[in-house]
Amino acid sequence: MTHDLPAATNRGASRPFGRLITAMVTPFTADGSLDLDGAVRLASHLVDEQGNDALVLNGTTGESPTTTDAEQEALIRAVAEAVGDRARIVAGVGTNDTRHTIELAAQAEKAGAHGLLVVTPYYNKPPQSGLLRHFTAVADATGLPVMLYDIPHRAGTAIATDTLVKLAEHGRIVAVKDAKGDLTATSWVLARSDLAFYSGEDALTLPALAVGAVGVVGTSTHFTGVQTKQMIEAYEAGDTATALALHRRLLPLFTGIFRTQGVILVKAGLAAKGLPAGPVRSPLVDATGDELAQLRADCAAAGLPLPE
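Here is what the cut-offs are and how they apply
Residues numbered from 1 in each chain as written. Predicted model: local features only at pLDDT ≥ 70, side-chain atom pairs only at ≥ 80, totals over all residues. Heavy atoms only, no water. Helix = DSSP H or I, 4+ residues; strand = E, 2+ residues; numbered from the N terminus. Rg over C-alpha atoms; globule rule 2.2 N^0.38 Å. Buried < 20%, exposed > 50% of the residue type's maximum accessible area, 1.4 Å probe, protein only. Contact = heavy atoms within 4.5 Å. Areas by Shrake-Rupley, 256 points an atom, 1.4 Å probe, with all protein chains shown as cover. Lys, Arg positive; Asp, Glu negative; His and termini not counted. Charge placed at Lys NZ, Arg CZ, Asp CG, Glu CD. Phe/Tyr/Trp six-rings, centres within 6.5 Å; stacked < 30°, edge-to-face > 60°. Lys NZ or Arg CZ within 6 Å of the ring centre and 35° of its normal. UniProt positions renumbered as here; feature names shortened; annotations may be inferred. Salt bridge = Lys/Arg side-chain N within 4 Å of Asp/Glu carboxyl O.

A. Quick look at the overall build of the protein. Broken down by element type, the protein carries 12 helices and 8 strands. For 308 residues, the compact-globule formula gives about 19 Å, and the C-alpha radius of gyration of the protein, at 18 Å, lands near that figure. For the protein, the C-alpha atoms occupy an extent of roughly 55 × 45 × 35 Å along the three principal directions. Scored against the burial criterion, the 308 residues of the protein give a buried share of 52%. The long-range fraction of contacts in the protein, counting pairs at least 24 apart against all pairs at least 6 apart in sequence, stands at 70%. Surface summary for the protein: the accessible area is close to 12,600 Å², and the carbon and sulfur share equals 51%. Positive and negative side-chain charges of the protein, numbering 25 and 33 respectively, have mean locations separated by a distance of 3 Å.

B. Main features of the packing of aromatic side chains. Counted under the stated rule, the structure contains 1 aromatic pair. Ring plane angle 50° and centroid distance 6.5 Å describe the contact between Phe17 and Tyr198, whose orientation is recorded as tilted. Placement of Phe17 in the segment before strand E1 (20–23) and of Tyr198 in strand E7 (residues 196–199) is noted, with a sequence separation of 181 residues between them. We classify Phe17 as buried; its relative accessible area is 1%. Here the basic side chain of Arg281 rests over the ring of Phe28, its NZ or CZ set 4.2 Å away from the ring centre.

C. The UniProt feature "active site" (unreviewed entry) in the protein, seen in detail. Feature annotation in UniProt places "active site" (unreviewed entry) on Tyr149 and Lys177, given in this structure's numbering. Judged by maximum C-alpha separation, these annotated positions cover 29 residues in sequence but sit close together in space, the widest gap being only 4.7 Å. Position of Tyr149 among the secondary structure elements: in strand E5 (residues 146–150). In contact with Tyr149, other than residues within four places in its own chain, are Leu117, Val118, Val119, Thr120, Ile159, Lys177 and Ala179. Residue position: Lys177 is located in strand E6 (residues 173–178). If we ignore the near neighbours within four places in the chain, the residues touching Lys177 are Leu117, Met147, Leu148, Tyr149, Asp150, Tyr198, Gly200 and Val217.

D. Molecular detail of the pattern of salt bridges. Considering all chains together, one arrives at 12 salt bridges under this definition. A cluster of three or more residues bridged by salt bridges with shared partners is formed by Arg15, Arg19 and Glu236.

So this is what it looks like as structure tokens:
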């Protein structure tokens, strides 16, 4: 398949949400209710201690399938008030219903979000024409910049290269969280558009940078934020040896955090560090003793041991 390139683009020049973004877990209290005080503490830690330029709230790692619209609004409002002066707040609003997604986008904008993360509609598997209509309708309905979330292994449908290029023509569709795992497809989109690509797979951050990505929306970055940002900055400075060394050092956590559902292990690790997390909501289950032990081993292998 061949692609015609435009005469000129501004590829790689824009980082609309910075370099380092963490898809933040949603802290709950022991009884499973929303812990807003804990969310503020965790967000402050991720921004002030881990160096995040932005936070994604109400994503899958934030357990959005089991939080209510009202809880999601309250979370955005609390975190935006706490850290919105020093980090971008990106609200996950994607659903498999265009009308509901538009409602959540309006809610997020009113609550103080700086941008939106809109995942591919899942389970109902719309055709590419449906994806084009869905994402365009959401972008038309908001004043916020939009990051598309391309994750076919969860959604069941990939956003095709040509569809992404068409969507890039919309003034408010500015970025992609790329969890497709197809760097060739990513390369073609970057060659044909000005979209800012963020790796949606922690371990592919450095390879994605090599083809033009600008950063990461991470999960292990609850723990590896400082070092991951150093890796990105080293690569951008032309110090590829340092970037590669950091990539290899962090691989045990980049991959280990996904030995089970990422939020399960993140919450276990945060609890071990004395940071707000709480339990996960059903149908997820909290980490077992063996899973926590393996997480400790992965953290130690990455040079970031958890407290005993």
